[in-house]
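# Examining the three-dimensional arrangement
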Amino acid sequence: MTEWLIKGASVAGGEPADIHLRDGVIAAIGQDLDAPGASVLDAAGLIALPGLVDLHTHLREPGREDAETVETGTRAAALGGYTAVHAMANTEPVADTAGVVEQVWRLGEQAGYVDVRPVGAVTVGLNGKQLAELGAMADSAARVRVFSDDGLCVADPLLMRRALEYVKAFDGVIAQHPQEPRLTEGAQLNEGETASRLGLAGWPAAAEEAIIARDCLLAAHVDASLHVCHVSTAGSVEIIRWAKGRGVAVTAEVTPHHLLLTDDLAENYDPVFKVNPPLRTRADVDALRQALADGTIDCVATDHAPHPVEAKETEWAAAANGMTGLETALRVVHKAMVETGLLDWAGVADRMSARPAAIGRVPGHGQPLTKGAPANLTLYDPAAAATRVDPATHASKSRNSPFAGMALPGRVHATFLRGTATVLDGKVTR
Ligand SMILES: [Zn+2]
């Protein structure tokens, strides 16, 4: 295995230091290190962050390999600075058995770009009616700890209660896609001024907030862990803040697109801006940024949702919901949170690595870059000139990036998984 000596990287935005990677761990970190025989990487001006961890990725395999595969999706993840991703369960077949989650986990091992942590479905076939084999998935080689019907809400309150109770036995967490289905039938865009003007059916904030409030009460009642996916409204933030204040074991994520984009982008009916939950208002974006800064929202999760061209380049109402995000997430957070002074780089390390690793119970990830820690890290160039996002250059099989054509700052320079470079000089190493 190649040894690496990273020279002069600013560790989580602090003082420059040398980092020696050997045998999969950080062998030493400090000033003027020497490591004869190691490959040297000049990291002056680069920021070293613990490898990013995504709680919410759609890798689409098995079943929708036309949109993404574990291989292409994890290559995209490494290019974005990630060393671990959670693969959502809404594949075909659904990841609702030990067999399917083990298949996804093995595909991740074979690809070798990042650690793939399969998410198990809460209900059989995402049917919302019958609990899946949660224990068997937890005991499988994939060691599933996060369960979600994402794409769909576990709308039945009794079923949600049972799921929350069940996973306590193995320290699991239920990740809820909060969307009251009756309140969002036919919904197309955030209910408000823009949707009215465009004549698109409204998607009310209350549909999200009602489920979050209900689930916080359920989690408190049975003393279980709840994770809220893709929080998108200011009201949701208020509910989560209230629940955390009462000691409820609730955590929450926000997507890069909800930190930067607003519903008025739908003005020209371009379905690249169609997503579930929908883009909201500037006031919501501001509240989400504040909540991520003050820790009410724990982490950033991409909700990377690749779709083939024909699913997105159609009329708005017929288009699929979803956006790609793995290759742009860190740059978007740089723009939305760091350039605005809301987070420093240590804060970014916390919200994009430490906290998602803790929520997802991911061993070996999210640890501070200290001697003896696993050598999972990314090197980011914050001073790289802003460049326009071009999805044609992305490793993802799909092109549905809402940031296409937008200028974003920074660049992921390198990513290391257990001391092996997966990305160097912005390119995958194989
Ligand atoms: Zn979702």
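Anyway, here's the lowdown on the structure attached to this text.

### Digging into the overall build of the protein
- Assigned secondary structure in the protein consists of twelve helices and 21 strands.
- The C-alpha radius of gyration of the protein comes to 20 Å, within 12% of the 22 Å expected for a compact globule of 430 residues.
- By principal-axis analysis of the C-alpha atoms, the protein measures approximately 65 × 45 × 45 Å.
- The burial tally for the protein puts 60% of its 430 residues in the buried class.
- Put simply, of all contacts in the protein between residues at least 6 apart along the chain, 74% involve residues at least 24 apart.
- Of the roughly 15,500 Å² that the protein leaves accessible, carbon and sulfur atoms contribute 51%.

### Some thoughts on the pattern of salt bridges
- By the definition in use, this model includes 22 salt bridges.
- Of the charged contacts, one joins Glu-238 and Arg-241 as a salt bridge, the two residues approaching to 2.8 Å between their closest N and O atoms. With Glu-238 and Arg-241 both in helix α7 (residues 234-245) and three residues apart, this pair spans about one turn of that helix.
- Owing to a relative accessible area of 47%, Glu-238 belongs among the partly exposed residues under this scheme.
- Between Arg-282 and Asp-286 there is a salt bridge; the shortest N-O distance is 3.6 Å. With Arg-282 and Asp-286 both in helix α9 (residues 282-294), this residue pair falls four residues apart, about one helical turn.

### Details of the sheet that holds strand β8 (residues 115-118)
- Strand order in the open sheet formed by three strands is β6-β7-β8, and the pairing between neighbours is parallel. Pairing within the sheet leaves two strands with one partner each, and these edge strands are β6 (52-57) and β8. Adjacent strand axes in the sheet meet at a mean angle of 20°, parallel and antiparallel pairs treated alike.
- Here helix α12 (residues 345-359) sits on the sheet in contact with β6 and β7 (82-87), set at roughly 55° to β6.

### Comments concerning the nonpolar core
- In terms of nonpolar packing, the biggest core is built from 95 residues, with Phe-147, Leu-164, Leu-259, Ile-297, Leu-330, Val-348 and Met-352 touching the most fellow members.
- Top element by residues in this core is helix α11 (residues 329-338). It accounts for seven residues.
- Once residues within four sequence positions are removed from consideration, Phe-147 is found in contact with Val-119, Gly-120, Ala-121, Val-122, Leu-134, Met-137, Ala-138, Val-167, Phe-170, Val-173, Ile-174 and Ala-175.
- Membership of the second largest hydrophobic core comes to 18 residues, among which are Leu-377, Leu-379, Ala-414 and Ala-421.

### Quick word on the side chain of Asn-276
- With respect to the secondary-structure elements, Asn-276 resides in the loop between α8 (256-260) and α9.
- For Asn-276, the side chain forms a polar contact with the side chain of His-177, separated by 3.4 Å.
- A polar contact of 3.1 Å, which involves the side chain of Asn-276, links it to the side chain of Gln-179.
- Residue contacts for Asn-276: discarding those within four places in its chain leaves Gly-151, His-177, Gln-179, Trp-203, His-230, Asp-303 and Asn-321.

### Section: the layout of surface pockets
- Of the volumes computed, that of the largest pocket is approximately 650 Å³.
- Lining the largest pocket are 37 residues, and of these Asn-90, Asp-150, Gly-151, Leu-152 and Asn-276 sit closest to its centre.
- Its residues placed into classes, the lining of the largest pocket shows 15 nonpolar, 15 polar and seven charged.
- Approximately 460 Å³ is the volume found for the second largest pocket.

### A short note on the coordination of the zinc ion
- For the zinc ion, the full set of protein donor atoms is Asp-150 (OD), His-177 (ND1) and His-230 (NE2), and the range of their distances to it is 2.0 to 2.2 Å.
- Between the donor residues of the zinc ion, the gaps in sequence give the motif D-x26-H-x52-H. Within this pair, whereas His-177 is found in the loop between β10 (173-176) and β11 (189-190), its partner His-230 is found in the loop between β13 (226-228) and α7, the two being separated by 53 residues in sequence.

### Considerations on the pairing of β10
- Burial along β10 is two-sided: the residues Val-173 and Ala-175 and Ile-174 and Gln-176 are all buried.
- Sheet analysis places strand β9 (residues 146-147) next to β10, joined by two bridges and oriented parallel. Counterpart to Phe-147 in the pairing with β10 is Ile-174.
- Note on the crossover from β9 through helix α4 (residues 157-166) to β10: the handedness is right-handed.

### Topic: the side chain of His-86
- Looking at the secondary structure, you find His-86 in strand β7.
- Using a relative accessible area of 1% as the deciding quantity, one classes His-86 as buried.
- Other than its neighbours up to four places away in sequence, His-86 contacts Val-53, Asp-54, Leu-55, His-56, Thr-57, Arg-117, Val-119, Val-146, Gly-360 and Val-362.

### Points about the pairing of strand β20 (residues 420-424)
- The sheet contact formed by strand β19 (residues 411-417) and β20 spans three bridges and is antiparallel. Note that in β20 the partner of Thr-415 across the bridge is Val-423.
- Between β19 and β20, which follow one another and run antiparallel, lie two residues, and Arg-418 among them has a positive phi close to 45°.
- A loop of two residues connects β20 with strand β21 (residues 427-428), the two strands running antiparallel in sequence, and Asp-425 in this loop sits at a positive phi of about 50°.

### Some words on the environment of Thr-340
- With respect to the secondary-structure elements, Thr-340 resides in the loop between α11 and α12.
- Accessibility expressed as a relative area gives 40% for Thr-340, which makes it partly exposed.
- Residues Thr-340 and Arg-289, spaced 51 residues apart in sequence, show a C-alpha to C-alpha distance of 9.7 Å.

How each quantity is defined
Residues numbered from 1 in each chain as written. Predicted model: local features only at pLDDT ≥ 70, side-chain atom pairs only at ≥ 80, totals over all residues. Heavy atoms only, no water. Helix = DSSP H or I, 4+ residues; strand = E, 2+ residues; numbered from the N terminus. Rg over C-alpha atoms; globule rule 2.2 N^0.38 Å. Buried < 20%, exposed > 50% of the residue type's maximum accessible area, 1.4 Å probe, protein only. Contact = heavy atoms within 4.5 Å. Areas by Shrake-Rupley, 256 points an atom, 1.4 Å probe, with all protein chains shown as cover. Salt bridge = Lys/Arg side-chain N within 4 Å of Asp/Glu carboxyl O. Pairing = 2+ DSSP bridges. Axes fitted to C-alpha atoms, helices over the stretch in contact; angles between N-to-C directions. Core = buried A, V, L, I, M, F, W, Y, C linked by side-chain atoms within 4.5 Å. Polar contact = N/O pair within 3.5 Å; in protein donor to acceptor, adjacent residues only side chain to side chain. 1 Å grid on protein atoms, 1.4 Å probe; cavity = no way out; pocket = protein on both sides within 12 Å on 5 of 7 lines; lining within 4 Å. Points joined across faces, edges and corners; volume = space filled by probe spheres on them. Nonpolar A, V, L, I, M, F, W, Y, C, P; charged D, E, K, R; others polar. Donors = N, O, S within 2.8 Å, 3.2 Å for Na, K, Ca; no water. Right-handed = clockwise from strand over helix to strand, strands pointing away.

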